[in-house]
Amino acid sequence: MGIPLLALLLLFACKSNTSKVNLSKNDKRARYYYDQYYVKFAVREIDGLNEVPLDSLPWRNGINNLPQNGQVAYWFLNDMEVGLSSPHIRAEYIYRRNPWCSTSDSLFMWLQAQFVDSDRGGEITTPPEYLDTYSGKKAHYMDLRTPEYKENDSITRPRRYMAWSYLEQNDYFVGLVYTAFDSVRFNRGKVLFRELVSTYEEPANTAPEGH
């Protein structure tokens, strides 16, 4: 007599949940925990990325964290200088009651309007998809590129490659954004970016470690 379909589904679900938990528990890399502002989460140390605290950034005095949105942390590729012209990942929070911010779909629509359906003439290179994370939540992911373009007679914006990932957390999104200015470094960093996103955890799953 075969196993009932419901029992099979339950068995598969239990195995899937156990696998996700074990992936997190078996990861011995250092955990970095963030609880400065309106979101709380942890990610693992990724070989190839250099985490730089906000108060160590050259532009730290220009960072203005508000209830509507703000910055949490930065990572740079290890062989790059710390600067906005270098490939970097930024963690941020976004209030979900802001315009265009109620869902990750609406955030991606806003990004498309800014970078693709505008004078910037960008192109979506990876349409929105979902990535698994240690938290059990799915991270919504998309990446695109924009060519060099003239904003006006005095400003020319360079070619840019960008990736975004958003995760809901109560009234906010945790956003992770990767930016590079050439395809080689973008592709190298994109692998590390997606790995960083995959290690996302929330306080219910983890105790504070690292910082």
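What comes next concerns the included structure. Everything numeric in this text was worked out from a predicted model, so none of it was measured.

Here the focus is the overall build of the chain. If you tally the helices and strands in the chain, you get three helices and eleven strands. Element order for the chain, N to C, with α for helix and β for strand: α-β-β-β-β-β-α-β-β-β-β-β-β-α. Here the contacts in the chain between residues at least 6 apart in sequence split such that 55% fall between residues at least 24 apart. For the chain, the accessible surface area stands at approximately 11,800 Å², while carbon and sulfur atoms represent 51% of it.

Spanning 16 residues, helix 3 (residues 183–198) covers 22 Å between terminal C-alpha atoms, matching the ideal 22 Å at 1.5 Å per step. The axis of helix 3 is deflected most strongly, by about 25 degrees, at Gly189. The set of residues buried in helix 3 consists of Phe186, Gly189, Lys190, Leu192, Phe193, Leu196 and Val197. A side-chain oxygen of the first residue of helix 3 lies 3.2 Å from the backbone nitrogen of Val184; this N-cap is Asp182.

Here we come to the nonpolar core. Grouped together as the largest cluster of nonpolar side chains are 32 residues, with contacts concentrated most on Phe41 and Trp75. Going through the elements one at a time, strand 1 (31–34), strand 2 (41–44), strand 4 (69–77), strand 5 (88–95), strand 7 (138–146), strand 10 (160–169), strand 11 (172–180) and helix 3 are the ones with two or more residues in this core. Residues in contact with Trp75, not counting those within four places in the same chain, are Tyr34, Val43, Leu49, Asn50, Glu51, Pro87, His88, Ile89, Ala91, Leu176 and Leu196.

We now examine the environment of Phe173. Mapping Phe173 onto the fold places it in strand 11. Residue Phe173 is classed as buried on the basis of its relative accessible area, which comes to 1%. Sequence separation between Phe173 and Tyr38 is 135 residues; the distance between their C-alpha atoms is 9.5 Å.

A separate point is the side chain of His140. Mapped onto the elements of the fold, His140 is located in strand 7. In this structure the side chain of His140 is engaged in a polar contact, spanning 2.6 Å, whose partner is the side chain of Ser104. The residues contacting His140, other than those within four sequence positions of it, are Ser104, Asp105, Phe108, Pro128, Glu129, Tyr130, Trp164, Ser165 and Tyr166.

Take unusual backbone geometry next. Positive phi is not limited to glycine here, since Trp100 has a value of about 70 degrees. Mapped onto the fold, Trp100 is located in the loop between strand 5 and helix 2 (104–115). The class of Trp100 is partly exposed, set by a relative accessible area of 47%. A positive phi angle, near 55 degrees, is found at Asn170, a position not held by glycine. Relative to the assigned elements, Asn170 resides in the loop between strand 10 and strand 11. By relative accessible area, which is 67% here, Asn170 ends up exposed.

Our focus in this paragraph is helix 2. Between its first and last C-alpha, helix 2 extends 16 Å over twelve residues, near the 16 Å set by a 1.5 Å rise per residue. In the core, the buried residues of helix 2 are packed alongside strand 5, strand 6 (123–132), strand 7, strand 10 and strand 11.

Parameters at a glance
- Residues numbered from 1 in each chain as written.
- Predicted model: local features only at pLDDT ≥ 70, side-chain atom pairs only at ≥ 80, totals over all residues.
- Heavy atoms only, no water.
- Helix = DSSP H or I, 4+ residues; strand = E, 2+ residues; numbered from the N terminus.
- Contact = heavy atoms within 4.5 Å.
- Areas by Shrake-Rupley, 256 points an atom, 1.4 Å probe, with all protein chains shown as cover.
- Expected span 1.5 Å × (residues − 1).
- Bend = angle between axes of the 7 residues up to and from the residue.
- Buried < 20%, exposed > 50% of the residue type's maximum accessible area, 1.4 Å probe, protein only.
- Polar contact = N/O pair within 3.5 Å; in protein donor to acceptor, adjacent residues only side chain to side chain.
- Core = buried A, V, L, I, M, F, W, Y, C linked by side-chain atoms within 4.5 Å.

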